Each structure stands twice: as C-alpha cells, then as structure tokens.
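# A structural walkthrough
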Amino acid sequence: MSWRIRLPHTTAAVPIARALIRTALHDIDPGAADLPDGDTAELLTAELVANAVEHTAGQGPIELVVELLAAPGGCQIEVHDSEPARPGALDRPDPDVEVDPWQEHGRGLLLIRALSSDCGHRETAHGKAVWFTLPGIPAQRRPPTR
C-alpha cells in the first residue's frame, strides 16, 4: 500500500505532512502486524519536509511518498523536491560539522540516521528523493493509540 501526495513549498507543508502521516498510519487497522512507530514516522517526516522547504529554491511542489512494506513490515517514507544537490551526510555524520546542542537547527539528519533503520537519497528525473525506512513493531509491543 502506498500514497503519493503533493505538498506546498511553504512552511505549512510541515504540519500538513505530520497530519498526513498520523492519519495514514492511524487509518490502518491498529491490530495489523508490524506497523512502524507513528510518532517516529511523524518526527522524521517533518524533518525531511522542513529540509526540503528550507534548502530548495521553491520551484515546484514537494512530494511525500509513503509506502507500507510487506513482511517484515514497517514503512519507507520519501520526500521529493526539485533540487538535485545532495541533502548532506545521511550515511554518517559529517566529521567537519560539530552539532551544537543549543542551536535550533542542525540535528535533523542526525535524528534521521539515529531513529531510522535505513536512510539515503537518490536522484530523480526532477530533482532528488530523500528517504528513510522504519521497521515494523509487533502489535503486542506497540504503545496504545491515542
């Protein structure tokens, strides 16, 4: 099962993307096997969308692609934008960049690397896609839905 949604290239895209992820994962049968953690999916999606809004020229919409994975479960979430440039070091921290814990910016990619089971980027015909994968959590280990 997958969804592809166009978002505006404005900061309004961030809360819209969070709500879409929350709704998409909540609308699936809560007893379904091996769904990802919804809070983590929302957080990491918000980071990718915020980066796309902040670091691209604003030409064309941002696309959010959500794909639920078959066994062993989980999901892959991609954010497409029109800028072909690499998003930064997704595979490892950049040794030349020190993260300042007191700054408001600069920890998004760190969060994505730390909380996802895999992440990366790829070129597309119209720019790039930055993605992450979250593992499924067995229903009996999942926190209760709100």
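Okay, so let's go over this structure. (Residues numbered from 1 in each chain as written. Predicted model: local features only at pLDDT ≥ 70, side-chain atom pairs only at ≥ 80, totals over all residues. Heavy atoms only, no water.)

With that out of the way, let us pick up the environment of L35. Along the chain, L35 turns up in the loop between α1 (13–27) and α2 (38–55). Between the alpha carbons of L35 and L25 there is a distance of 7.8 Å; along the sequence they are ten residues apart. (Helix = DSSP H or I, 4+ residues; strand = E, 2+ residues; numbered from the N terminus.)

As a further point, take the nonpolar core. Generally speaking, nonpolar side chains in soluble globular proteins are found buried as a group. Within the largest apolar cluster, 26 residues are counted, with the highest numbers of intra-cluster contacts made by V49, L64, I77 and F132. Those elements that provide at least two residues to this core are α1, α2, β2 (62–68), β3 (75–81), α3 (108–115) and β5 (127–134). When sequence neighbours within four positions are dropped, the list of residues in contact with I77 reads I21, A41, T45, L48, L64, V65, V66, V130, W131 and F132. (Core = buried A, V, L, I, M, F, W, Y, C linked by side-chain atoms within 4.5 Å. Buried < 20%, exposed > 50% of the residue type's maximum accessible area, 1.4 Å probe, protein only. Contact = heavy atoms within 4.5 Å.)

Turning next to the side chain of D81. Turning to its location among the elements, D81 is positioned in strand β3. With relative accessibility at 7%, the residue D81 sits in the buried group. Within polar-contact distance, the side chain of D81 engages the backbone nitrogen of E83 at 2.9 Å. Engagement of the side chain of D81 in a polar contact is seen with the side chain of K128, the distance being 3.0 Å. Those residues in contact with D81 that sit more than four places away from it in its chain are A52, T56, H126, G127 and K128. (Polar contact = N/O pair within 3.5 Å; in protein donor to acceptor, adjacent residues only side chain to side chain.)

All right, on to the sheet that holds β5 then. Sheets are built from strands that pair by backbone hydrogen bonding, the pairs being arranged parallel or antiparallel. Reading across from one edge, β1-β2-β3-β5-β4 is the order of the five strands in this open sheet, with antiparallel pairing throughout. Every other strand in the sheet has two partners, leaving β1 (2–7) and β4 (118–124) as the edge strands with one partner each. Each strand axis lies, on average, 15° off the axis of its neighbour in the sheet, ignoring direction. Bridge count for β4 against β5 is seven bridges, and the pairing is antiparallel. The residue bridging T124 from the neighbouring strand is G127, located in β5. Strands β1, β2 and β3 of the sheet are contacted by α1, whose axis makes an angle of about 160° with β1. Its contacts with the sheet place α2 against β1, β2, β3 and β5, and it is angled at close to 165° to β5. (Pairing = 2+ DSSP bridges. Axes fitted to C-alpha atoms, helices over the stretch in contact; angles between N-to-C directions.)

The buried count for β2 comes to six of seven residues, which makes it a mostly enclosed element. As judged from the six bridges shared by β1 and β2, these two strands associate in the antiparallel manner. Along β2, the bridge assignment pairs W3 with V66. Pairing of β2 with β3 involves six bridges; the strand directions are antiparallel.

Spatial relationships are all this shows, so hold off on functional conclusions.
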